[in-house]
Amino acid sequence: LLGVKSALEDTEGRPLSEPLEFTGERFTPECVREIHYEHIHRYVFARELVAGRRVLDAACGEGYGSAILAGAAAEVVGVDVSGKAVEHARERYRADGLQFQQADCLDLPFGDDAFDCIVSFETLEHLEAHERLLDEFRRVLAPGGFLLISTPDKAIYTDKLGNRNEFHPRELYRDEFESVLKGVFPACRRWGQKLGFQSFLWSLDGIPGQCFHRDSGQGVSSAESPPYEAVYLIALCAESADGLPEEKFGLSLFDDESESVYEHYNHEIRKNMAAGGLLQ
């Protein structure tokens, strides 16, 4: 996957290095189906925006996302507070212009204006000091630079779906997320993400060209925004609209060649049907 698979396996598909332990907090590319779709999709989406730029991948974790970005960016620096994760990333992912460094995102070891863009996925909810984090991001962003950031929508992820993540000390509702961003980065474009049989990532700003149809049983409605509630919120932010890159996607879909989420669903349905037959 855009630099990840080649780092994980040799030409015969054998693993090159041991995976980092999955604790429930830090995604690893060995995870399959739903969580794989969600995490990889965000970085594939980001890769289209960072071509030729100096990129900071803030809270890079295992390093897979930095490796994806390095396939397009001029330079990628992945930072994480975990020394173990950084050591693992250095061993597993090697490419021109790609480096990893242990650092706290609240106190980045870089000078002012060091990066053209920052990518920071699923970081905000792991910290209490949201405003301090965004101020630090703004400090290391060069004039005209942008931030691409994501977080779960507490109203959906936690309140509606019932997720309880012990590693999330401060989750945000959508209006809170947008408010804290605009306090530092007034220019903002927004997307929502959820999982279907693909990972769906769509504009929340009503970009023309999207069309979604839904059959209610009483008729079919059409809309420019999907009739879904986003589980994850993604924002592209800058100090001014001039810093936002050219719009590439109002809608982005991601899955894998084997359609593993859909295949797993079909497998479970077949099992349930077989069990029903035996019971009958």
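Structure shown above.
Describing a nonpolar patch on the surface
Among the surface-exposed residues, Phe197, Tyr262, Tyr265, Ile269 and Met273 lie close enough to one another that they form a single nonpolar patch of about 490 Å² accessible area. Relative to the helices and strands, Tyr262 resides in helix α8 (residues 260-279). Classification of Tyr262 by relative accessible area gives partly exposed; the value is 35%.

Some remarks on the pairing of strand β2 (residues 75-80)
Two faces, one strand: in a regular strand the side chains alternate between the faces of the sheet. Judged by how many residues are buried, β2 sits mostly within the fold: 5 of 6 residues are covered. When strand β1 (residues 54-58) meets β2, the two strands line up parallel, connected through 5 bridges. Bridge pairing in β2 places Arg54 opposite Glu75. With helix α3 (residues 64-70) bridging β1 and its parallel neighbour β2, the resulting β-α-β unit is right-handed. Following the backbone out of β2, through helix α4 (residues 83-92) and into the adjacent parallel strand β3 (residues 98-102), one traces a crossover that is right-handed.

Side note on helix α7 (residues 174-182)
Along α7, the residues that are buried comprise Phe177, Glu178, Val180 and Leu181. Within α7, the buried residues cover an arc of 165 degrees as seen down the axis, which keeps them to one side. Every exposed residue of α7 that faces more than 90 degrees away from the buried side is listed here: Asp175 and Ser179. Those residues of α7 hidden inside the fold are in contact with α5 (130-140), β5 (141-152), β6 (187-195) and β10 (232-238).

Description of the sheet that holds β1
Taken together, the 9 strands give an open sheet; going across it, the order is β3-β2-β1-β4-β5-β10-β6-β7-β11, and neighbouring strands pair in mixed fashion. Each end of this open sheet is capped by a strand with a single partner; those strands are β3 and β11 (251-254). Neighbour-to-neighbour, the strand axes of this sheet turn through a mean angle of 15 degrees, independent of strand direction. This element, α4, spans β2 and β3 of the sheet and lies at about 160 degrees to β3.

Let's talk about the nonpolar core
Of all hydrophobic cores here, the largest spans 36 residues; its most connected members are Val55, Leu69, Val119 and Leu148. Of all elements in the fold, only α2 (34-47), α3, α4, β3, β4 (115-121), β5, β6 and β10 reach the threshold of two or more residues within this core. By size, the runner-up hydrophobic cluster in this structure holds 32 residues, among which are Phe110, Leu133, Leu134 and Leu141.

Points about α5
Residues spaced three or four apart along an α-helix point in a common direction, a consequence of the helix completing one turn every 3.6 residues. If you check which residues of α5 are buried, you get His130, Leu133, Leu134, Glu136, Phe137 and Val140. For α5, the angular spread of the buried residues around the axis is 160 degrees, confining them to a single face. The secondary structure elements touched by the buried residues of α5 are β1, β4, β5 and α7.

Rules behind the numbers
Residues numbered from 1 in each chain as written. Predicted model: local features only at pLDDT ≥ 70, side-chain atom pairs only at ≥ 80, totals over all residues. Heavy atoms only, no water. Patch = residues over 30% accessible without salt bridge, like charges linked within 9 Å, V, L, I, M, F, W, Y side chains within 5 Å. Areas by Shrake-Rupley, 256 points an atom, 1.4 Å probe, with all protein chains shown as cover. Salt bridge = Lys/Arg side-chain N within 4 Å of Asp/Glu carboxyl O. Helix = DSSP H or I, 4+ residues; strand = E, 2+ residues; numbered from the N terminus. Buried < 20%, exposed > 50% of the residue type's maximum accessible area, 1.4 Å probe, protein only. Pairing = 2+ DSSP bridges. Right-handed = clockwise from strand over helix to strand, strands pointing away. Arc of directions from axis to C-beta. Contact = heavy atoms within 4.5 Å. Axes fitted to C-alpha atoms, helices over the stretch in contact; angles between N-to-C directions. Core = buried A, V, L, I, M, F, W, Y, C linked by side-chain atoms within 4.5 Å.

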